[in-house]
Protein chains: 2
Amino acid sequence: MAANDGRLDEAARAGWLYYVAGNTQDQIAAKLGVSRQSAQRLVSLAVSEGLVKVRIDHPIAACLDLGRRLVERFGLALCEVVPTDPGSTSTTLGVAQAAAVEIEKRLRRPEPAIMALGTGRTLKAVVESLPRIDCPQHRVVSLTGNIAPDGSAAYYNVVFTLADHVTARSFPMPLPVIATSPEERAMLHAQAMIRPTLELAARADITFVGIGDLGPEAPLFLDGFIRRDELAALQAAGAVGEIVGWAFDRDGALIEGLTNPRVASAPIPSRARSLVVALAKGERKLPGIRAAIRGGLVNGLVTDEATARTLLS
Amino acid sequence: MAANDGRLDEAARAGWLYYVAGNTQDQIAAKLGVSRQSAQRLVSLAVSEGLVKVRIDHPIAACLDLGRRLVERFGLALCEVVPTDPGSTSTTLGVAQAAAVEIEKRLRRPEPAIMALGTGRTLKAVVESLPRIDCPQHRVVSLTGNIAPDGSAAYYNVVFTLADHVTARSFPMPLPVIATSPEERAMLHAQAMIRPTLELAARADITFVGIGDLGPEAPLFLDGFIRRDELAALQAAGAVGEIVGWAFDRDGALIEGLTNPRVASAPIPSRARSLVVALAKGERKLPGIRAAIRGGLVNGLVTDEATARTLLS
DNA sequence: TTCGCCCGTGAGCAATTACTCATACCAGCG
DNA sequence: CGCTGGTATGAGTAATTGCTCACGGGCGAA
């Protein structure tokens, strides 16, 4: 660990000399007394470890405009639109970074606040691109369980990862995502460990959630939280997306019955008194995004240009 | 302007695709429909226009440690130490970026605050590396005049430059830096336009100033604010540095007489009730830095590793 | 102690990027 | 209408970077 830290230290230094001071890797090698290849490795280590954060500080007119129009059209309280990379297959590229900036902005405020987080690949990517922040005044609460169907702690539980970067007090939720029965759900929620967390979630000042699609590759299904027949039933009932497990139809109304009564996640915090920001982009999630903002499940959105355009058309 | 903006827009997009999305310039060229060379030009334009901000998000242990020791040793309220690039001749590299981060942090706070700024090459570089921030709740006031000896607006008046990036209310000071006589100074300060600004400066919550050396290449002399004989007189009187024109000796005590009675800048705000941060690094400025912190002219410092080490030795 | 594995290192090479120069284009002007 | 200065563009080339592979030293297991 100490050696590793020393290495990261060197990597940070190399990255600094490279990106900030504008040295070539040869110069860095000379200054740090290592071979050019090692310098290159240090720089690339700095990048891959996420030590190097790049942001483009220019309001690309087209994106700004799309954001404004989305705010107007759907009555959103917050909307960020990032450029689309036409070739990329990533479902988080750009959105994650933009969301991280928003989160960082809140966490840097000195007034104590409660932030609730959902789960999923997008949130995971967001948290990974957060810088280190010291903010013990804030509390971060997970909206959803961190127990995978196989009993292990789910990879996508983001509050744990967040704790690596941020010193806020964190409240994970030691629950499955979807209980086996409504009764089990009730029992779990009644636990002494859980109730304070649920109450905290209900009082969140700001919430960031991903939106899951419910197509054939629904993350909820892929990750084993629901079975194929349950997915099919949801689809048949008109479900087009889900937020922390709560499936909803094209009007943004939660599906009655099926898996929803067993969802062990906290309810989505109130849009009336807090900011609930959805992070999502891409063709597959479009029906879900559209439903969530039309139905008022969320009042904030971070998405990309292409998705924004389609939403407006 | 419109065309230029469109170009910057493209540049920002290219920069985004390059740095955030990780495309090669070939790919960017294809996606933007331009030649590879043009894509390269767009990316480099984005960099040179300062659209691309890189920060290294790792507390380099050595720097942290130096900062802590400086805080302890000199009773500072804030100290940031950045790595040194052994080969670079820049007097602002690193320090400017670190200071920009500190300033940004303050400006992002929602509670209204008053920030005072000095002048000089360092401050200029700081302001240029600030991102765009919308913060009309804050007020930014210049401590010093913006009229050069030849009557033009001085290049290094940073509050104007700041206004390009930040929407805070700004209060420049339409004064020379050093008046021709103490009487002129008094008269200038009595002006109705000036007095509110001076009062604002006195109430600043946080102040950032550069430290000028008074060696043979003193910026005050190079920029024509003082004559060679005045510089010599200051040196003879034991002056080792200046802050917004106020020359001080090695104990950090303001020089009596000479140019000081004619300095038209606002007094350095109170260290007792606010934070006054000096931004400076480099051999030449060392005597000035040492004097300023030992004499309590400032209670914060942003500097580089090499300077920090020397200060501690 | 010795063997084998693995991590880090250095060399060479392919890919990518940055720079220089010549050319083309355009606006303003005679 | 043609000229001229300035600016953008494309081509070629040098520099820089990133990748792969083979080597070597350290460490744990037998």
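Residues numbered from 1 in each chain as written. Chains lettered and ligands numbered in written order. Predicted model: local features only at pLDDT ≥ 70, side-chain atom pairs only at ≥ 80, totals over all residues. Heavy atoms only, no water.

Student: Help me out: how do you make sense of the domain arrangement of chain A in this one?
Tutor: Accessible area lost upon the coming together of the parts is a frequently used measure of interface size. Each assigned domain of chain A is listed here: domain 1 (2-48) and domain 2 (61-312). One C-alpha centre belongs to domain 1 of chain A, the other to domain 2 of chain A; they are set 37 Å apart. (Domains from an automatic or database assignment.)

Student: Before we go on, may I ask you to explain the packing of aromatic side chains in this structure?
Tutor: For any pair of aromatic rings, geometry is given as the distance between the ring centres together with the angle between the planes. Residues and elements named next belong to chain A. Counting across every chain of the model gives 2 aromatic pairs over all chains. Ring centres 4.9 Å apart and planes at 85° place the aromatic pair Y18 and Y19 in the edge-to-face group. The class for Y18 is partly exposed, based on a relative accessible area of 29%. (Phe/Tyr/Trp six-rings, centres within 6.5 Å; stacked < 30°, edge-to-face > 60°. Buried < 20%, exposed > 50% of the residue type's maximum accessible area, 1.4 Å probe, protein only.)

Student: Sorry if this is basic, but what is going on with the environment of A113 of chain B here?
Tutor: All names here are of chain B. Within the secondary structure, A113 sits in the loop between α5 (95-107) and β3 (114-117). The class for A113 is partly exposed, based on a relative accessible area of 25%. For the pair formed by A113 and V140, sequence separation is 27 residues and the distance between their alpha carbons is 8.4 Å. In contact with A113, not counting residues within four places along its chain, are Q137, H138, R139 and D205. (Helix = DSSP H or I, 4+ residues; strand = E, 2+ residues; numbered from the N terminus. Contact = heavy atoms within 4.5 Å.)

Student: Would you take a moment to explain the sheet that holds strand β9 (residues 246-249) of chain B for this structure?
Tutor: Sheet strands pair by backbone hydrogen bonding; their relative direction is either parallel or antiparallel. All names here are of chain B. Pairing is antiparallel in the open sheet, where 3 strands are placed in the order β7-β8-β9. Lying at the two open borders of the sheet, with one neighbouring strand each, are β7 (212-213) and β9. In this sheet, strand β8 (residues 239-243) lies alongside β7 in antiparallel orientation, the contact comprising 2 bridges. When the bridges of β8 are listed, D213 appears paired with G241. Where helix α12 (residues 286-294) meets the sheet, it contacts β8 and β9, and its direction lies at approximately 75° from that of β8. (Pairing = 2+ DSSP bridges. Axes fitted to C-alpha atoms, helices over the stretch in contact; angles between N-to-C directions.)

Student: In this structure, what is going on with the sheet that holds strand β6 (residues 206-210) of chain B? I would like to understand it.
Tutor: Residues and elements named next belong to chain B. Read from one edge of the open sheet, 7 strands run β2-β11-β10-β6-β3-β4-β5, paired in parallel fashion. Two strands in the sheet have a free side with no partner beyond their single neighbour: β2 (78-82) and β5 (169-171). Taken pair by pair, the neighbouring strands of this sheet meet at an average axis angle of 15°, ignoring direction. With 5 bridges joining them, β6 and strand β10 (residues 275-279) adopt parallel strand pairing. Residue pairing across strands places I206 opposite L275, the latter belonging to β10. Helix α9 (residues 195-202) contacts β3, β4 (139-142) and β5 of the sheet and is inclined by roughly 110° relative to β4.

Student: How should the nonpolar core be read in this particular structure?
Tutor: Side chains of a nonpolar character, in soluble globular proteins, are inclined to be buried together. In this structure, L70, I211, I243, F248, V298 and L301 of chain A are the most contacted members of the largest nonpolar core, which totals 79 residues. A per-element tally of this core places helix α1 (residues 2-20) of chain B first, with 7 residues. Setting aside residues no more than four positions away along its own chain, I243 of chain A makes contact with V209, G210, I211, F248, I268, A292, L297 and V298 of chain A. If you look at the next biggest cluster of nonpolar residues, it comprises 78 residues, including V20 of chain A together with L93, L198 and A292 of chain B. (Core = buried A, V, L, I, M, F, W, Y, C linked by side-chain atoms within 4.5 Å.)

Student: What's the story with helix α7 (residues 158-165) of chain B in this structure? I'm lost.
Tutor: Helical periodicity: at 3.6 residues per turn, an α-helix aligns residues three or four positions apart in one direction. Residue and element names in this part refer to chain B. Burial in α7 covers these residues: V158, V159, T161, L162 and H165. Relative to the axis of α7, the buried residues are bounded by an arc of 155° and lie together on one face. Those residues of α7 that are buried lie in contact with β3, α6 (121-128), β4 and β5. (Arc of directions from axis to C-beta.)

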